[in-house]
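In case you want the letters, here they are:
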Protein chains: 2
Amino acid sequence: MLYTEMTKEQRKQELASLKEAYAELGKKGLSLDMSRGKPSAAQLDLSNDLLSLPLTAEDYMGSGTDYRNYGILDGIPAAKQLFADILGVPASNILVGGNSSLTMMYDTVSRALRYGVYGGRKPWSAYEHVKFLCPCPGYDRHFCICEDLGIELINVAMTDEGPDMDEVERLVASDECIKGIWCVPKYQNPTGITFSDETVRRFANLSPAADDFRIFWDNAYIIHDFMDEGDTLLNLFDELKKNGKEDMLFQFTSTSKVTFPGAGIAAIAASDGNLALFRKHMNAQTIGPDKLNQLRHVKYFGGIDGVLAHMKKQAAFLRPKFEAVDAAFSSELAPRGIGSWFMPRGGYFISLDLLDGCAKRTYELCRAIGVTLTTVGATFPYGIDPRDRNLRIAPSFPTVDDLNAALDAFCVCARIAALEKLDA
Amino acid sequence: MLYTEMTKEQRKQELASLKEAYAELGKKGLSLDMSRGKPSAAQLDLSNDLLSLPLTAEDYMGSGTDYRNYGILDGIPAAKQLFADILGVPASNILVGGNSSLTMMYDTVSRALRYGVYGGRKPWSAYEHVKFLCPCPGYDRHFCICEDLGIELINVAMTDEGPDMDEVERLVASDECIKGIWCVPKYQNPTGITFSDETVRRFANLSPAADDFRIFWDNAYIIHDFMDEGDTLLNLFDELKKNGKEDMLFQFTSTSKVTFPGAGIAAIAASDGNLALFRKHMNAQTIGPDKLNQLRHVKYFGGIDGVLAHMKKQAAFLRPKFEAVDAAFSSELAPRGIGSWFMPRGGYFISLDLLDGCAKRTYELCRAIGVTLTTVGATFPYGIDPRDRNLRIAPSFPTVDDLNAALDAFCVCARIAALEKLDA
């Protein structure tokens, strides 16, 4: 029964009985965590052969260049090819870096501020206010990069098809200080939504006031399907090329959630002109990436088919966890009209919208009984959820048993928060 | 016989016979390289066990933190301890990063420009001209970082005891826009000189006009002795502490020339306050370094004794090459009074001063017959050697036979250049 359709007296009784249940949960000494988008230990075990994979002379000398020594600024050819196959772009448009796509994003923004982007007339920092569009809820670390670098963040709503493109088009056309937009186009963090073909095409047709505007396309979950059939994402690089606008795109990905977070390899895909400028400035910052770790990954997977087969194994661990979240919310929140969410086909998160004004209270109730959630507001620029309703649920790390225990406790807390709010 | 003591006619005959020898060398189709401070393949082979070293659950879970997953911003404790033992500073003053100390240096300068340093009143970039002192000949990549970031470079001469400290003291006291100095304090690149105790103490007593001045102490060769007894370098961190000035130091090192260039691990050592500010800004740029590669190095060496034993093996390959350079110059250049150099006890380079105005010509003569040298001027800010006399000799990479062939050809070229100059 919808909570809004209950009488006040019914809600009072419901709240009293939930508070009893909550008190019981408090006695259990729970220590459960649904806050971090981390692979579970079982998922990491899938890549353990990588930890003892020997690299032989044939491996490191096979190309004619000794990968054990200095040299090669932008990645070994075989690693470029692997990411080319993952992202669906030519290998010549790939630059393979170190262990972190986040670092590549930070450095890309930092360099654009300092030197400008390819084809730009001046550094971004020469503009009075540099601004980025932030579809939200979104990924807090994207927002942090901008905050750290003094860039103003502008909220754009997420819809079921991706960012609100009417708003995106209107904003970028109106203000030459808007230099970028953060996107996680497939299984968006945290909504799980994949941008529709229409959305991607509208990105490919953007006509920003700033001629040095860039789309930051963080394709972190491009191969991270956990359902048998995953979402399909239109190839933005191809679409932009049709319009002669391929310089507008910086695309990123990594193997952080394929092999080992922090010990994987990351890549950027961009147009020839963009990459040439990257190389120029990278040359002052680095002698090159860890080629042996690139080689290790290439050898381990053998190619794109190996990567995809590996992701199927990851999926087997992730799917039941997402189904558990979906089931709990379906039985505990939906019938009471106090939560809405989208069940994704991949990625690492579920985004739950509670009633307005219920997110912080739910978070606090959970925290008090040992259930850790992602900080409320983290999914919005400046850490402020204007409606205080969004929670990012990260079910990957706990075991299914722990997850179910956490979900039971969570739903009690969410119901209490809703009832308190309705009769406040 | 000194060329200057020859008669003009004697020199003419000498030049004629050298040109014949040069013509013969030209027919050999040489392809020899003394330009790059790269370890040889034989040196790299010493670390090959690292390429098949398995990491077990005991290794990656032993600390209680799963090193295969996200987390740990500033390096695993065991890697901090290893660098602490190498540098002689407390492990709490170590931050272990990725594969490149050069990147850590670049990022350190970049952050200081953008945010200022610990205790600084404003960002370096808020000053009209930011300047760095560059003891030279020095390391071109240090200078490149500054050039890329728009920092003005000021030449300071290298003496037998390190940078000309009278000049350093005078300059830093006179100009608050001088924010840093680049130093390779042991086996300096390229002179091979180790800073004397007196020099280090004078660094520890510096009183710069800028209260946000920093010494960039690139201790790249701290354990890279190739003679039985290496140089000793006074510990600047300790000396600064005695004066309460430890915030003035940023120290860097890496295993690039211990294990594999590009696939090693790098560290920064600095005061508590400096490291706290690093961590704050790093947090926006990275989720953390490659902990598994740190673990791999820690396990491979087992501790500082393992590292030092490994360096002894490297030394056996390096020493004969440096001795070959010293022997060639001693027999071919010194008796003719056309070259001076210092024979180091470690490091990767020998710095040769020819007669003024002879470096470029010698370089060109070498190039024309297939002997590659480090670009003339690379060892000076802006690539300009004011006296056109300095050449950086890098003997590590070629085999001893190739090196000797290169040295034979080189000395012919250097002698031709000197004779041409003397009678120009």
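Please read all numbers here as calculations on a predicted model, not as lab measurements.

So, on to the pattern of salt bridges. Under the criterion given, the structure shown has 54 salt bridges over all chains. With a closest N to O distance of 3.1 Å, glutamate 364 of chain A and arginine 367 of chain A form a salt bridge. Separated by three residues within a single helix, glutamate 364 of chain A and arginine 367 of chain A lie in helix H13 (residues 359–368), roughly one turn from each other. Judged by relative accessible area, which is 36%, glutamate 364 of chain A ranks as partly exposed. Where arginine 68 of chain B meets aspartate 66 of chain B, a salt bridge forms, and the shortest distance between an N and an O atom there is 2.9 Å. Exposure remark for arginine 68 of chain B: the relative accessible area of 3% places this residue in the buried category.

All names here are of chain A. Packing of helix H12 (residues 304–332) against helix H14 (residues 400–422) brings their axes to within 10 Å, and their N-to-C directions diverge by 25°. By the criterion of interaxial angle, the relationship of H12 to H14 is roughly parallel. Crossing of H12 against H14: the hand is right-handed. Here Lys321, Ala324, Val325, Ala328, Phe329 and Glu332 of H12 lie close against H14, whose contacting residues are Val400, Leu403, Asn404, Leu407, Phe410, Cys411 and Arg415.

Another aspect to go through is the nonpolar core. Soluble, globular proteins show a tendency: their nonpolar side chains are buried together. One finds Phe203 and Ile215 of chain A to be the most contacted residues of the largest nonpolar core, which totals 59 residues. For this core, the element with the most residues is helix H4 (residues 77–87) of chain A, which contributes six residues. Apart from residues lying up to four places away in sequence, phenylalanine 203 of chain A is in contact with Pro163, Met165, Ile181, Cys183, Phe195, Ile215, Trp217, Leu236, Leu240 and Met248 of chain A. Among the nonpolar cores identified, the runner-up in size contains 58 residues, and Ala263 of chain A together with Leu55, Leu249 and Phe301 of chain B belong to it.

This part is about the environment of glutamate 246 of chain B. Residues and elements named next belong to chain B. Here glutamate 246 lies in the loop between helix H9 (236–242) and strand E8 (249–254). Remark: the alpha-carbon pair of glutamate 246 and aspartate 231, spanning 15 residues in sequence, is separated by 24 Å. Non-local contacts of glutamate 246, meaning those with residues more than four positions away in its chain, are made with Phe237, Leu240, Lys241, Ser271 and Asn274.

Across chain A, the average pLDDT comes to 97, with 100% of residues at 70 or higher. For this predicted complex, the interface score ipTM comes out at 0.96, alongside a pTM of 0.96.

Here the focus is the relation of the copies chain B and chain A. Of the transformation superimposing chain B on chain A, the axial component is 0.0 Å and the angular component is 180°, with the fit at an RMSD of 0.1 Å. Put plainly, the chains are arranged around a two-fold axis. Residue serine 52 of chain B of chain B places its C-alpha closer to the rotation axis than any other residue of that unit, at 3.2 Å.

Turning our eyes to something else, we now look at unusual backbone geometry. Residues and elements named next belong to chain A. Proline 137 follows cysteine 136 through a cis peptide bond whose omega is 5°. For proline 137, the position within the fold is in the loop between strand E3 (131–136) and helix H6 (140–148). Residue asparagine 189 is joined to proline 190 through a cis peptide bond whose omega torsion reads 10°. When you line up the elements, proline 190 lands in the loop between strand E6 (178–183) and helix H8 (197–204). A positive phi angle is found at isoleucine 72, which is not glycine, with a value near 70°.

The next thing to look at is a negative patch on the surface. Negative charge collects at one region of the surface, where Asp160, Glu161, Asp197 and Glu198 of chain A lie side by side. The topology assignment puts aspartate 160 of chain A in the loop between strand E4 (152–159) and strand E5 (162–163).

Residue and element names in this part refer to chain B. Strand order in the open sheet made by the three strands is E10-E11-E13, with antiparallel pairing throughout. In the strand order of this sheet, the two ends are held by strand E10 (339–341) and strand E13 (390–393), each with one partner. Direction aside, neighbouring strands of the sheet carry axes that sit 25° apart on average. Sheet topology note: the E10/strand E11 (residues 350–354) ladder contains three bridges and is antiparallel.

Once that is clear, we can look at the interface of chain B and chain A. The interface of chain B with chain A comprises 53 residues on the first partner and 53 residues on the second. Both sides together, the interface formed by chain B and chain A hides about 4400 Å², and carbon and sulfur atoms give 47% of it. Contact with chain A buries area across many residues of chain B, yet Leu51, Arg68 and Tyr70 of chain B alone supply 18% of it, more than any other trio. Across the contact surface, chain B and chain A share two salt bridges. For arginine 68 of chain B, the salt bridge identified is with aspartate 45 of chain A, shortest N-O distance 2.7 Å. Taken together, chain B and chain A are joined by 28 residue pairs in polar contact (both at pLDDT 80 or more). Counting residues per element, the ones that place at least two in the side of chain B that touches chain A are helix H2 (41–45), helix H5 (101–115), helix H6 (140–148), helix H10 (272–285) and helix H11 (291–301) of chain B. By residue number, the principal contributor to the side of chain B that touches chain A is H5 of chain B, which donates eight residues.

Moving on, we come to the pairing of E4 of chain A. Residues and elements named next belong to chain A. Taken together, the six bridges between E3 and E4 define a ladder with parallel strand orientation. Bridge pairing links leucine 133 to isoleucine 154 in E4. Taken together, E3, H6 and E4 form a β-α-β motif whose crossover is right-handed. As defined by bridge partners, E4 adjoins E5 across two bridges and the pair is classed as antiparallel. Looking at the pairing, methionine 158 lines up with proline 163 of E5. The turn linking E4 back onto E5 is made up of two residues.

Glancing now at the pairing of strand E8 (residues 249–254) of chain A. Residues and elements named next belong to chain A. For E8, the tally of buried residues reaches six of six residues, placing the bulk of the element in the interior. In E8, alternate side chains face the same way, and those of Leu249, Gln251 and Thr253 on one face and Phe250, Phe252 and Ser254 on the other are all buried. As paired strands, strand E7 (residues 214–218) and E8 are joined by four bridges and run parallel to one another. Residue pairing for E8: tryptophan 217 is matched across the bridge by glutamine 251. Inspection of the sheet shows E8 paired to strand E9 (residues 266–270) by five bridges, in the antiparallel sense.

On to the packing of aromatic side chains. On inspection of all chains with the given rule, the structure shows 31 aromatic pairs over all chains. When the centroid spacing of 5.2 Å and the interplanar angle of 45° are considered together, the rings of phenylalanine 250 of chain A and phenylalanine 278 of chain A count as tilted. One end of the pair, phenylalanine 250 of chain A, is in strand E8; the other, phenylalanine 278 of chain A, is in helix H10 (residues 272–285), with 28 residues separating them in the sequence. For the pair phenylalanine 195 of chain B and tryptophan 217 of chain B, a centre-to-centre distance of 5.6 Å together with 85° between the ring planes defines the contact as edge-to-face. Residue phenylalanine 195 of chain B is found in the loop between strand E6 (178–183) and helix H8 (197–204), and its partner tryptophan 217 of chain B is found in strand E7 (residues 214–218); the two are separated by 22 residues along the sequence. As far as burial versus exposure is concerned, phenylalanine 195 of chain B and tryptophan 217 of chain B are alike and both buried. Of the aromatic side chains, those joined through ring pairs into one cluster are Trp124, Phe132, Trp182, Phe216, Phe250, Phe252 and Phe278 of chain A.

Let's shift gears to the sheet that holds strand E13 (residues 390–393) of chain A. Sheet strands line up and pair through hydrogen bonds in the backbone, either parallel or antiparallel. Residue and element names in this part refer to chain A. Taken in spatial order, the three strands of this open sheet run E10-E11-E13, and their pairing is antiparallel. At either end of the open sheet lies a strand with only one pairing partner, and these are strand E10 (339–341) and E13. For this sheet, the mean angle separating the axes of adjacent strands, direction not counted, is 25°.

With that settled, consider H10 of chain A. Taking 1.5 Å per residue as the helical rise, H10 of chain A with its 14 residues ought to reach 20 Å, and the 20 Å between its terminal C-alpha atoms agrees with that figure. Residues Gly273, Asn274, Leu275, Phe278, His281, Met282, Ala284 and Gln285 of chain A constitute the buried set of H10 of chain A.

Below, the discussion takes up the state of the cysteines. Residue and element names in this part refer to chain A. This structure, assessed with the given rule, holds zero disulfides over all chains. Here cysteine 146 stays free of any disulfide, with the sulfur of cysteine 134 as its closest cysteine sulfur at 5.7 Å. Overall, the relative accessible area of 0% leaves cysteine 146 in the buried class. In this structure cysteine 366 is a free cysteine whose sulfur lies 3.8 Å from that of cysteine 413, the closest cysteine sulfur available. Since its relative accessible area comes to 0%, cysteine 366 is described here as buried.

The rules behind the values
- Residues numbered from 1 in each chain as written.
- Chains lettered and ligands numbered in written order.
- Predicted model: local features only at pLDDT ≥ 70, side-chain atom pairs only at ≥ 80, totals over all residues.
- Heavy atoms only, no water.
- Salt bridge = Lys/Arg side-chain N within 4 Å of Asp/Glu carboxyl O.
- Helix = DSSP H or I, 4+ residues; strand = E, 2+ residues; numbered from the N terminus.
- Buried < 20%, exposed > 50% of the residue type's maximum accessible area, 1.4 Å probe, protein only.
- Axes fitted to C-alpha atoms, helices over the stretch in contact; angles between N-to-C directions.
- Parallel < 35°, antiparallel > 145°, perpendicular 65-115°, else oblique.
- Left-handed = near helix turned anticlockwise from the far one by under 90°.
- Contact = heavy atoms within 4.5 Å.
- Core = buried A, V, L, I, M, F, W, Y, C linked by side-chain atoms within 4.5 Å.
- pLDDT = per-residue confidence, 0-100.
- Least-squares fit on C-alpha atoms with pLDDT ≥ 70 in both.
- Patch = residues over 30% accessible without salt bridge, like charges linked within 9 Å, V, L, I, M, F, W, Y side chains within 5 Å.
- Areas by Shrake-Rupley, 256 points an atom, 1.4 Å probe, with all protein chains shown as cover.
- Lys, Arg positive; Asp, Glu negative; His and termini not counted.
- Charge placed at Lys NZ, Arg CZ, Asp CG, Glu CD.
- Pairing = 2+ DSSP bridges.
- Buried area = accessible area lost by both parts, 1.4 Å probe.
- Polar contact = N/O pair within 3.5 Å; in protein donor to acceptor, adjacent residues only side chain to side chain.
- Right-handed = clockwise from strand over helix to strand, strands pointing away.
- Phe/Tyr/Trp six-rings, centres within 6.5 Å; stacked < 30°, edge-to-face > 60°.
- Expected span 1.5 Å × (residues − 1).
- Disulfide = S-S within 2.5 Å.

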